[in-house]
Amino acid sequence: MSAIEIRGLQKSYRVYQKKEGLAASLTGLFRRDYRSVDAVRSIDLDVEQGEFVAFLGPNGAGKTTTLKLLSGVISPTGGEARVLGHVPWRRENEYRRRFALVMGQKNQLWWDLPAQESFRLHEKIYRIEPDTFAQTRDELTALLEVQSLLGRPVRELSLGERMKMELIAALLHSPEVLFLDEPTIGLDVIAQRNIQNFLKHYQQQRKITILLTSHYMKDVAALCQRVVIIAHGEIIYDGSLTGIVDRFSGHKVLSLQFGNETMPSDLAKYGEVLEIVEPKARLRVDRSKIAEVLSSVLANHTVEDVSVEDPPLEEVIAEMFVLSAEKNESAAAPVDVH
Amino acid sequence: MRFLPIVTQIFLWTAVYAAAKSGDIAGYSSTDIIAYYLLTMLARAFSSMPGLASGIARQVRDGEIKKFLIQPIDLVSYLLLARIAHKVVYYLVATGPFALVYYLCRDYFPGWPEPTVFVVFVGSLLLSFLLGFFLEASMGMIAFWFLEVTSLLFIYMLFTFFFSGHMFPLDFLPTPWRTYVDFMPFKYMAYFPAAVFLGKIEGDAMWQGLFIQACWVVIFVVACRNMMRAGFNRYSGFGG
């Protein structure tokens, strides 16, 4: 049985359309115009036990909504979902003891208390055995190197330190499924890497199932074997990270460094010129023509150095979002890439 | 600071009785009224719940309430335990000053009541804590439907202040109001325990009052639970 099973999951919000001005506000007291916003249109997804899956998508794509549905914060408009065999929005205590949700922008710790007090509270709330609690806490604090910060009020911690505490609080009850909503948001590169290393290590040790949303491609590249891309409330890609480039990018980037001879002026015939800084040039070349272009360049010019690269992942994904938005406008039908 | 108004109250009522020229108003002598005031102050120390409803409203507004959807913990039980802890700390700190004030004002009291009366008095103080808690928690749950409840809570506060008998004994109210007040839960949060202590409510009426107070508690326990359930469903249906 899969750890997470989602079938035709839908969620639409009713949003009050407020018009500008006092007169409109008064009318709004009696007659309100609502608009329905489809946050999640129809999602099917299976995640196996022990998978580390990333949810990618632009803001408002439905990633957070999906995580909220799976953690039972909101109930769906239609469709089904089971996590560890439970229907999340029934909010059974048995289920609530088996998962955790960490939101990068919201904190669960008590602001004025030291983190260790919040941990104690979690011990009681989740009914963790005292021995297990102490052991897990010590292990997690050691891994994240925050032993010395346990007694300091949470409001005095830096953002990165606080995030580590949030993670510990979420993992104290050894959840089998972990939902992470942008856990590295606003963190510096070092703090990000710390969190990534910790998550990677923890996931490999415990083999828990993790669903992560993030805007940082580095998070995803470091952690997830599987990537699910959501745009406009639908899944438009489900596969490996490298697969994204293969499937969605129609071109490669060719970088050339020319020898002593002057730069050829007719580079445009090989492909779109991205940048020329003598003696280097970067070209965008159709993927299908890359071999042909390369041999022709090498035959006609003295080239000192050459490299062929995939375009940056962010670029490919951004391109894909734009594409899916266009398709979405022209036809409301789901975009199927499988 | 809580004790400062006592002085004004003593002056005020002394003046009122001097002007009235009769020894008692609605069955209260001038010393009764001071004792009554001191007793309602004690009752309010049990039944008032500063920040409970507005705290729930704030948690709903800023989404902190999610915690109670995600974690295996019951919102109402949690708030109740937190409030008990809060009150215990408060009593620990306040016992000294309270004892001092009561000692200084001991001449206003008619003396210790009979043991049965005292038991009912203590029982109704404890029930007034529960009533205050569940009534105000229910008010807080309204925030699931209206995001902005400050003005509503203000009206509620005025109601409790006036109809609980905190300002003056409810026996002073003219006829139609006196009857209305008997059908409201507020009087059990200050007037009732004080009136029992002073022997203004006796015998069967006393036990009956305690029973009705217990019924109000049950009503608001049920109301609070149902509002929480409905509120959570609404929250998860619309927002999140």
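Residues numbered from 1 in each chain as written. Chains lettered and ligands numbered in written order. Predicted model: local features only at pLDDT ≥ 70, side-chain atom pairs only at ≥ 80, totals over all residues.

### Description of the overall build of chain A
The number of helices and strands found in chain A is eleven helices and 13 strands. In terms of principal-axis extent, the alpha carbons of chain A reach across some 75 × 55 × 50 Å. Long-range pairs, those at least 24 residues apart, make up 72% of the contacts in chain A with a sequence separation of at least 6. (Helix = DSSP H or I, 4+ residues; strand = E, 2+ residues; numbered from the N terminus. Contact = placed C-beta atoms within 7 Å.)

### Observations concerning the overall build of chain B
The secondary structure content of chain B amounts to ten helices and two strands. Beginning at the N terminus, the succession of helices and strands in chain B can be written as α-β-β-α-α-α-α-α-α-α-α-α. The dimensions of chain B, computed from C-alpha atoms along their principal axes, are 65 × 40 × 35 Å. By residue count, 38% of the 240 residues in chain B fall in the buried class. Sequence separation of 24 or more characterises 82% of the internal contacts of chain B that already satisfy a separation of 6 or more. (Buried ≥ 20, exposed ≤ 12 C-beta atoms within 10 Å, placed from the backbone.)

### With respect to the sheet that holds strand β11 (residues 272–277) of chain A
Sheets are built from strands that pair by backbone hydrogen bonding, the pairs being arranged parallel or antiparallel. Residue and element names in this part refer to chain A. In spatial order, the strands read β11-β12-β10-β13; together these four strands make up an open sheet with antiparallel pairing. Edge strands, defined here as strands with exactly one partner in the open sheet, are β11 and β13 (303–309). Mean inter-strand twist for the sheet, computed between neighbouring axes without regard to direction, equals 15°. Pairing analysis gives five bridges linking β11 to strand β12 (residues 280–286), with the strands arranged antiparallel. Within the sheet, the bridge partner assigned to Val 277 lies in β12 and is Lys 280. (Pairing = 2+ DSSP bridges. Axes fitted to C-alpha atoms, helices over the stretch in contact; angles between N-to-C directions.)

### So, the domain arrangement of chain A
Here chain A is partitioned into domain 1 (4–98 + 175–245) and domain 2 (250–309). For domain 1 of chain A versus domain 2 of chain A, the distance between C-alpha centres works out to 42 Å. (Domains from an automatic or database assignment.)

### Quick notes on the environment of Pro312(A)
Note that Pro312(A) resides in the loop between β13 and α11 (313–330). Sequence-wise, Pro312(A) and Ser249(A) are 63 residues apart; in three dimensions their C-alpha atoms are separated by 9.9 Å.

### Comments concerning helix α5 (residues 130–144) of chain A
One turn of an α-helix holds 3.6 residues; hence residues three or four places apart share an orientation. Residue and element names in this part refer to chain A. Under the 1.5 Å per step criterion, the end-to-end length of α5 is 21 Å for 15 residues, consistent within 8% with the ideal 21 Å. Those residues of α5 that fall on the buried side of the exposure criterion are Arg 137, Leu 140, Thr 141 and Leu 144. The buried residues of α5 all sit within an arc of 95° when viewed along its axis, so they share a single face. With respect to the buried face of α5, the exposed residues turned more than 90 degrees away are Asp 131, Ala 134, Gln 135, Asp 138 and Ala 142. Buried positions along α5 lie against α4 (115–125), α6 (159–171) and α7 (189–206). Once α5 finishes, Glu 145 follows within two positions and takes phi at roughly 55°, a positive value. (Expected span 1.5 Å × (residues − 1). Arc of directions from axis to C-beta.)

### Overview of the packing of helix α3 (residues 52–62) of chain B against helix α6 (residues 115–141) of chain B
Residue and element names in this part refer to chain B. Orientation of α3 relative to α6, taken along the N-to-C sense of each, is 30°, at an axis distance of 7 Å. Accordingly, the angle class assigned to the pair α3 and α6 is roughly parallel. The hand of the α3/α6 crossing is right-handed. When α3 is examined against α6, the residues Leu 52, Ala 53, Gly 55, Ile 56 and Ala 57 are found in contact with a partner set consisting of Glu 136, Ala 137, Met 139, Gly 140 and Met 141. (Parallel < 35°, antiparallel > 145°, perpendicular 65-115°, else oblique. Left-handed = near helix turned anticlockwise from the far one by under 90°.)

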